[in-house]
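What follows is each chain in one-letter form.
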Amino acid sequence: MSRSPSRTSLAVVGTATALALLTACGGSGDDDSAATGTDGKPVSITFWGWAKGSKEVVDAFNASHKNIKVVYEEIPSGNAGGYAKISNAVKAGNAPDLVSIEYPQLPEYVSQGALQDIGQYFTEDIRKKLLPQAVELTTLGGKNWAVPFDASPQSFYYRKDLFEKYGVEVPKTWDEFRKAAEKVKKADKKARIGTFFPDDPTTFQAMAWQAGAQWYKPEGDTWKVSTADAATNKVADYWQGLLDDDLIRANASFSPEWTNSLKNGGTVGYLGAAWGAGVLKGTLPEQSGKWAVAPMPSWDGKPASGMLGGSTFAVTKTSKKAKAAVEFATWMSTTEDGIKARIESGTSSAFPAALALRPVAKKAFDAGFYGGEDIYQVFEGAATSIGPNWNWGPTTGTTNTTMKDQFGKVASGGTTIKDAVKAGHDATVAELKKRGLKVEDAG
């Protein structure tokens, strides 16, 4: 990814107040004697996550390591309740040692003092194996707060057989996407080209990122917040138009309604991320060979992408076993065995942050579902085109909760996408001020 280091996502460190909060609250609960297993017994650590292939990775690690035993608990995906479970456990003092946290949410957990600095274990020789921008997204206030696992550039998945049947060209621009949507609907009045997810503001945020928006911008000791910029308004108006003209569906992400629509050909495309390849493969095994993947349409036809999710592994503030937790996290993210175990599960299409392991991931992923297409080549191209100016702020949870509530009203006509984004903006500004941070409300 061509991101300038000066763009650093210093999410929580844009202000002196936030930096002080990091220093005061982000503890280091590690006890070396409890983390090394020097008494001859394996160190037992707990790990909470939800990513596809996680159980297989834990099983492979436990089978090959005698000094550490990982106890895995699958929790709901972050926005479906996983983050609430993690936060509640931290507050109650019974959090696991290691948790999966996506890049957008990491600054908020750091600012709340829920995690600990792992810099003494996340060493330079580990960091240099990883995509610099991924390390940058996990480095806040000059401290390392998580081990990056993957990158998640956007991609467009489509039913190749139905596109051919309907005479639809794969769109390279958003203008072409709308025309393709019209053609799909005309060919089959029950079919739609894709879905607006009212429960998932992160997909919209990735679209805004792709268009060049910059919602959070740290300037000195002030957060500049702007969601009414030209890029965001363009994206909001575009998707509102698709909804108003009944050219796309409005189903909750990964819901039975969404899945059934894919199964019966009622939805013939999916605007997702690199990890979405594994989701489709695991969800629709009976459609093997019918799907293909293409770069995300862009506004001018040139390659452009945002990031949709992407995982990191962080150590909670109460853990006394940070050394062992980081050792396991590092194994998952930077070793051939870790990547192979996850992807050979058949449900994951993770695009590793460890550049040298992408060929391993490609080899491990059975691309038969996509007709043998080199989908990792598509991901590589998308990764290099990720926009350079996006930052995540320290109140992502507030932003997303508000937008999700408002997006739920969009499909019924209760509000508009633009108004929903404005509501998220207002809630974000209010929360930043509540936390004592300086804010410039740029609208």
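Remember, it's a predicted structure, so these values are computed and weren't measured experimentally.

Participant: What am I meant to see in the overall build of the chain here?
Facilitator: In terms of regular secondary structure, the chain is built from 19 helices and 17 strands. Projected onto its principal axes, the C-alpha positions of the chain cover 70 × 50 × 35 Å. If you take every contact in the chain between residues at least 6 apart in sequence, the share linking residues at least 24 apart comes to 79%. For the chain, the computed accessible surface area is about 17,000 Å², with 51% contributed by carbon and sulfur atoms.

Participant: Just checking my understanding: could you explain helix H19 (residues 417-434) for this structure?
Facilitator: Residues separated by three or four positions in an α-helix point in the same direction, a consequence of the helix having 3.6 residues per turn. End to end, H19 covers 26 Å across 18 residues, agreeing with the expected 26 Å (1.5 Å per residue, within 8%). Within H19, the full set of buried residues consists of Ile 417, Ala 420, Val 421, Gly 424, His 425, Ala 427, Thr 428, Val 429, Glu 431 and Leu 432. Directly after H19, the chain includes Gly 436, whose backbone phi takes a positive value near 80°.

Participant: What should I look at first to understand empty space enclosed by the protein in this one?
Facilitator: Any empty space left between the atoms is revealed when a probe the size of a water molecule rolls over them. With the rule as written, the count across this model stands at two cavities of 30 Å³ or more. What the largest cavity holds in volume is close to 90 Å³. Forming the walls of the largest cavity are Thr 195, Phe 196, Phe 197, Asp 200, Thr 203, Phe 204, Met 207, Trp 239, Leu 271 and Phe 407. Elements supplying a minimum of two residues to the lining of the largest cavity: strand E9 (195-196) and helix H10 (201-211). Here the element with the most residues in the lining of the largest cavity is H10; it accounts for three residues. For the lining of the largest cavity, a count of residues per class yields seven nonpolar, two polar and one charged. Taken as a whole, the second largest cavity holds about 30 Å³ of empty space. Trp 215, Tyr 216, Val 225, Thr 227, Thr 399, Met 403, Val 421, Gly 424, His 425 and Thr 428 are the residues that line the second largest cavity. Listed by contribution, the elements that provide at least two residues to the lining of the second largest cavity are helix H18 (396-410) and H19. The element best represented in the lining of the second largest cavity is H19, accounting for four residues.

Participant: How should the packing of helix H9 (residues 174-187) against helix H11 (residues 230-244) be read in this particular structure?
Facilitator: Helix packing for two helices is described by the angle between their axes and how far apart those axes are. Between H9 and H11, the shortest axis-to-axis distance is 11 Å and the interhelical angle comes to 5°. Considered as vectors, H9 and H11 are oriented roughly parallel to each other. Residues Trp 174, Phe 177 and Arg 178 of H9 touch H11, and the partners they reach there are Tyr 238, Trp 239, Gly 241 and Leu 242. Across the contact of H9 with H11, the residue classes break down as five nonpolar, one polar and one charged.

Participant: Help me out: how do you make sense of the confidence of the model for the chain in this one?
Facilitator: In low-pLDDT regions, the fine details of the predicted coordinates are not to be read closely. Averaged over every residue, the pLDDT of the chain is 90; residues scoring 70 or more account for 91%. Note that pLDDT drops below 50 for residues 1-26; the model gives that stretch 84 contacts with residues more than four away or on any other chain.

Participant: Hey, could you run me through the sheet that holds strand E2 (residues 68-74) in this one?
Facilitator: One key point about sheets: their strands pair by backbone hydrogen bonds, in either a parallel or an antiparallel sense. Taken in spatial order, the five strands make up an open sheet running E2-E1-E3-E15-E6, and their pairing is mixed. Each edge of the open sheet is held by one strand with a lone partner, namely E2 and strand E6 (147-148). Bridge count for strand E1 (residues 43-49) against E2 is seven bridges, and the pairing is parallel. Bridge pairing links Val 43 to Ile 68 in E2.

Parameters at a glance
- Residues numbered from 1 in each chain as written.
- Predicted model: local features only at pLDDT ≥ 70, side-chain atom pairs only at ≥ 80, totals over all residues.
- Heavy atoms only, no water.
- Helix = DSSP H or I, 4+ residues; strand = E, 2+ residues; numbered from the N terminus.
- Contact = heavy atoms within 4.5 Å.
- Areas by Shrake-Rupley, 256 points an atom, 1.4 Å probe, with all protein chains shown as cover.
- Expected span 1.5 Å × (residues − 1).
- Buried < 20%, exposed > 50% of the residue type's maximum accessible area, 1.4 Å probe, protein only.
- 1 Å grid on protein atoms, 1.4 Å probe; cavity = no way out; pocket = protein on both sides within 12 Å on 5 of 7 lines; lining within 4 Å.
- Points joined across faces, edges and corners; volume = space filled by probe spheres on them.
- Nonpolar A, V, L, I, M, F, W, Y, C, P; charged D, E, K, R; others polar.
- Axes fitted to C-alpha atoms, helices over the stretch in contact; angles between N-to-C directions.
- Parallel < 35°, antiparallel > 145°, perpendicular 65-115°, else oblique.
- pLDDT = per-residue confidence, 0-100.
- Pairing = 2+ DSSP bridges.

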